[in-house]
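Coordinates in review
Listed below, chain by chain, are the residues.
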Amino acid sequence: MFTMPLYTESTEAGTARCTGLLTGNAPAGTAGLRERFQPPASSIQSPESNRNKVRIEIAVTYSKQRIGSNSNRNKFRGPRISSSTVLAAPDEFSTARQRVAVKFTRIQKPSTVGLIGPRAKRQNVEETKFERPEWIDEVTGILETMNQGVLVNDACSRIVFANEIFQRMIGRSAQELVGHVVTEFYPPADVPAMVKHIEQRQREGHSQFEFFLPRPDGTRLPVVVTARQIEDRDGGIFAVITATDITEQKRAENALRAANVQLEQRHREIEEDLLLAARVQQSLAPRSIVWGNGGVETFYQPVRTIGGDFGLVTPGDDYLSIMVCDVSGHGIGSALVANRIYTETMSQIESGAALGSMLRHLNRFVMHNIGGTVFYFTLAVARLNRSGRLLEFAGAGHPPAMIVQPGETPRLLESRSAVLGLLADAVDSEAAVEIPLEAGDRVVIYTDGFTESFNARQDMLGVEGFSDIVRETSKLPLAQMKQEIVDRVAAWRSGSAADDMSLVVVEVK
């Protein structure tokens, strides 16, 4: 039972709340149900007022009632007072008994979750009474068996429970933790970030993020924090928080990051070396020249920065030497083998070796000095005498060279020897052949980067398709013919080139 003055108007009472930076300093908490129904001072009549007053005794009944038969937990309410009650006034009010309708207004207590900020003061939080909920004892055994650190905070972000793993992780005992606001343990500079995560959990009911636990020695333990907001059976708001130690993960990430920095530095060094190697290889590429009664146009394009194709056009006193070579594979290894073969070939040309002897020497050189089956190569080599009327040709596993009169179907010059670098007897005993030429003849030597081009339907251009392009472009001036061959093959191909490409076109006048 309690006694209160009777008024015809009702008011909302003051509210209890957690205070701090996010809301400023709020009034102190309520002192009980009396204050919750206390009207503002402006509505209280002075003693001198002639207004009749009456005092009414109200019995408040507290009840605990299960809400909803399908609920999976108990939820209780109290006190329970009807929205309006008719009360009988005592005799002193007047000689006539009167009935007065008294309206009771339900008081809403606003949530106190999250009202903790970087400048939260201890006395502000203590204005809201700290109580350890009874259900913590019921779940302590379970929380202590978990492999992560577990923390339970109340609506004011005060710690009400910390399991032993969490205590070890943060380096503080339960006595040092329980009852304290979590932000008290963090450096001021890190509190705003923690508050943002708390606000996210309030909005969404859960959150997960990487953060750290501050230890007394000043070190930081990196953790993954998972938080979920819950409401207990008495309507209290709590947060269950787990912290997983990710020290090893962070150590691995830091080591990986350092390794990546080293790899990036090494990659830049390799790129610089490749650019230098590409300039060197381009310097070895054949040049367009005019020699005797003939002219020569060339094209070279590696699929990577450097490649395994190379060509040479070397004029001599009595004949013009022409060669196109294709080393298996792509990239640095193929380029190195190609450069070694180029050096040996130039040595053979300068010594005046016959074409068959040259092929046998190159085959032995690769097998003995490079060895294995990793690299092999094909080539087509030709010598055009100064008159331009006789061509000596030898091929080893290479696509057929072509001799074409303007507008006519090209003649094919097939290889007589097998690929080089794999078999000791790869070179045929009659490796070279002599072909007479006429004025206007054009000789086309190329690598399979041209013929092994595929369109969108995965049809390969092949020797036959390439031969058609050669025939159709043979009426053009030599330089235009070369460029048109390159452009027509690119137009056939779907996407970028998949192999190195070398081309030499010779015209006899």
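What you see as residue numbers is a count from 1 along each chain, following the sequence as written. Two thresholds apply to this predicted model, a pLDDT of at least 70 for residue-level local features and 80 or more for giving and counting side-chain atom pairs, whereas whole-chain, interface and lining totals are computed over all residues. Computation of side-chain values covers all heavy atoms of the structure but excludes hydrogens and water.

**Observations regarding the overall build of the chain**
We count it as follows: Counting from the N terminus, the helices are DSSP H or I runs at least four residues long and the strands are E runs at least two residues long. The contact definition used throughout considers only heavy atoms, calling two residues in contact when any of these lie within 4.5 Å. Every accessible area reported is derived by Shrake-Rupley at a probe size of 1.4 Å, with residue values counting cover from the shown protein chains alone.
A tally of helices and strands in the chain yields 12 helices and 20 strands. In the chain, 62% of the contacts between residues at least 6 apart in sequence involve partners at least 24 apart. Of the roughly 27800 Å² of accessible surface on the chain, a fraction of 50% belongs to carbon and sulfur atoms.

**Structural notes on the sheet that holds strand β14 (residues 377-385)**
Here is the rule we go by: Criterion used throughout: strands pair if DSSP finds at least two bridges between them. Working convention: axes come from line fits to C-alpha atoms, limited for helices to the stretch in contact. Angles between N-to-C directions cover 0 to 180 degrees.
Spatial ordering of the open sheet is given by β12-β13-β14-β15-β18, a layout of five strands whose pairing is antiparallel. Each having just a single partner strand, β12 (309-315) and β18 (432-436) make up the two edges of the open sheet. Geometrically, the sheet is characterised by an average inter-axis angle of 15° between neighbouring strands, direction not taken into account. Relative to β18, strand β15 (residues 390-396) runs antiparallel, the two sharing five bridges. Bridged to Leu391 within β18 is Ile435. Strands β12, β13 (319-327) and β14 of the sheet are contacted by helix α8 (residues 331-351), whose axis makes an angle of about 20° with β12.

**What about the sheet that holds strand β19 (residues 442-446)?**
If you trace the six strands from one edge of the open sheet to the other, you get β10-β11-β20-β19-β16-β17, paired in antiparallel fashion. The strands lining the two open edges of the sheet, one partner per strand, are β10 (289-291) and β17 (411-413). Strand-to-strand twist across the sheet, computed as the mean angle between neighbouring axes with direction ignored, equals 20°. Here β10 runs beside strand β11 (residues 294-301); their pairing, made up of three bridges, is antiparallel. Across the sheet, Trp291 pairs through a bridge with Gly294, a residue of β11. On top of the sheet, helix α12 (residues 478-492) reaches β11, β16 (401-404), β19 and β20 (501-508); it is set at about 25° to β11, its chief contact.

**Some words on the side chain of Arg201**
Formally: Burial status follows relative accessibility: with a 1.4 Å probe on protein chains alone, a residue under 20% of its type maximum counts as buried, one over 50% as exposed, and anything between as partly exposed. Positive: Lys, Arg. Negative: Asp, Glu. His and the chain ends are not part of the count. Put simply, a salt bridge is a Lys or Arg side-chain nitrogen that is within 4 Å of an Asp or Glu carboxyl oxygen. Each polar contact in these results corresponds to two N or O atoms within 3.5 Å; when the atoms are within protein, one needs to be able to donate a hydrogen and the other to accept it, and residues that are neighboring in sequence are counted only if both atoms are side-chain atoms.
Along the chain, the position of Arg201 falls in helix α6 (residues 191-204). Despite its burial, Arg201 remains without a salt bridge, the nearest opposite charge being carried by Asp154 at 8.5 Å. Looking at Arg201, its side chain comes within polar contact range of the side chain of Gln229, at 3.2 Å.

**Details of a nonpolar patch on the surface**
Counted only if it meets this: Residues forming no salt bridge and having over 30% relative accessible area are the ones grouped into patches, like charges within 9 Å of each other and nonpolar side chains (Val, Leu, Ile, Met, Phe, Trp, Tyr) within 5 Å.
On the surface, a nonpolar cluster with roughly 260 Å² of combined accessible area is contributed by Ile270, Ile332 and Leu336. On the secondary structure map, Leu336 appears in helix α8.

**Let's talk about helix α11 (residues 462-473)**
Note the cut-off: In a helix, the anticipated span is given by 1.5 Å times the number of residues less one.
Taking 1.5 Å per residue, 12 residues should reach 16 Å; α11 reaches 17 Å between its end C-alpha atoms and fits that length. All of the buried residues along α11 are Gly462, Gly465, Phe466, Ser467, Ile469, Val470 and Thr473.

**Section: the packing of α11 against α12**
Selection criterion: The crossing is said to be left-handed when, going from far helix to near helix, the turn is anticlockwise and less than a right angle, and right-handed when the turn is clockwise. Throughout, the ten residues Ala, Val, Leu, Ile, Met, Phe, Trp, Tyr, Cys and Pro are labelled nonpolar, Asp, Glu, Lys and Arg are labelled charged, and all others, Gly among them, are labelled polar.
α12 packs onto α11 with a crossing angle of 140° between their chain directions and a minimal axis gap of 10 Å. The chirality of how α11 crosses α12 is right-handed. Of the residues in α12, those touching α11 at Phe466, Ile469, Val470, Glu472 and Thr473 are Met481, Glu484, Ile485, Arg488 and Val489. Looking at the contact of α11 with α12 residue by residue, the classes come out as six nonpolar, one polar and three charged.

**Quick look at the nonpolar core**
Let me state the cut-off plainly: Note on terminology: a nonpolar core comprises buried Ala, Val, Leu, Ile, Met, Phe, Trp, Tyr and Cys residues joined through side-chain atoms within 4.5 Å.
Counting residues in hydrophobic clusters, the biggest one holds 27 residues, and the most contacted among them are Ile341, Phe377 and Leu379. Listing elements by their share of this core, those giving two or more residues are β12, β13, α8, α9 (355-369), β14 and β15. Core analysis: the second largest hydrophobic core is formed by 26 residues, Val182, Phe185, Phe211 and Phe212 among them.

**Focus on the packing of aromatic side chains**
Stated formally: Classification of ring pairs uses Phe, Tyr and Trp, with its six-membered ring standing for Trp, and accepts pairs whose centres are within 6.5 Å; under 30 degrees between planes counts as stacked, over 60 as edge-to-face, and the remaining range as tilted. Placement of a charge over a ring requires the Lys NZ or Arg CZ to be within 6 Å of the ring centre, with the centre-to-atom vector within 35 degrees of the ring normal.
Using the criterion set out here, one finds nine aromatic pairs in the structure. Seen from their ring centres, Phe211 and Phe212 are 5.0 Å apart, and the 20° between their planes marks the pair as stacked. Judged by its relative accessible area of 9%, Phe212 falls in the buried class. Consider the rings of Tyr446 and Phe466, whose centres lie 4.5 Å apart with planes at 50°: the pair is tilted. With Tyr446 in strand β19 and Phe466 in helix α11, this pair connects stretches of sequence that are 20 residues apart. A single burial state applies to Tyr446 and to Phe466, both of which are buried. One residue, Arg220, lies across the ring of Phe212, its end atom 4.1 Å from the ring centre.

**Regarding unusual backbone geometry**
Residues apart from glycine generally show negative phi values, whereas peptide bonds are mostly found in trans. At Ser157, a position not held by glycine, the phi torsion is positive, near 65°. Its location among the elements puts Ser157 in the loop between β5 (149-153) and β6 (159-162).

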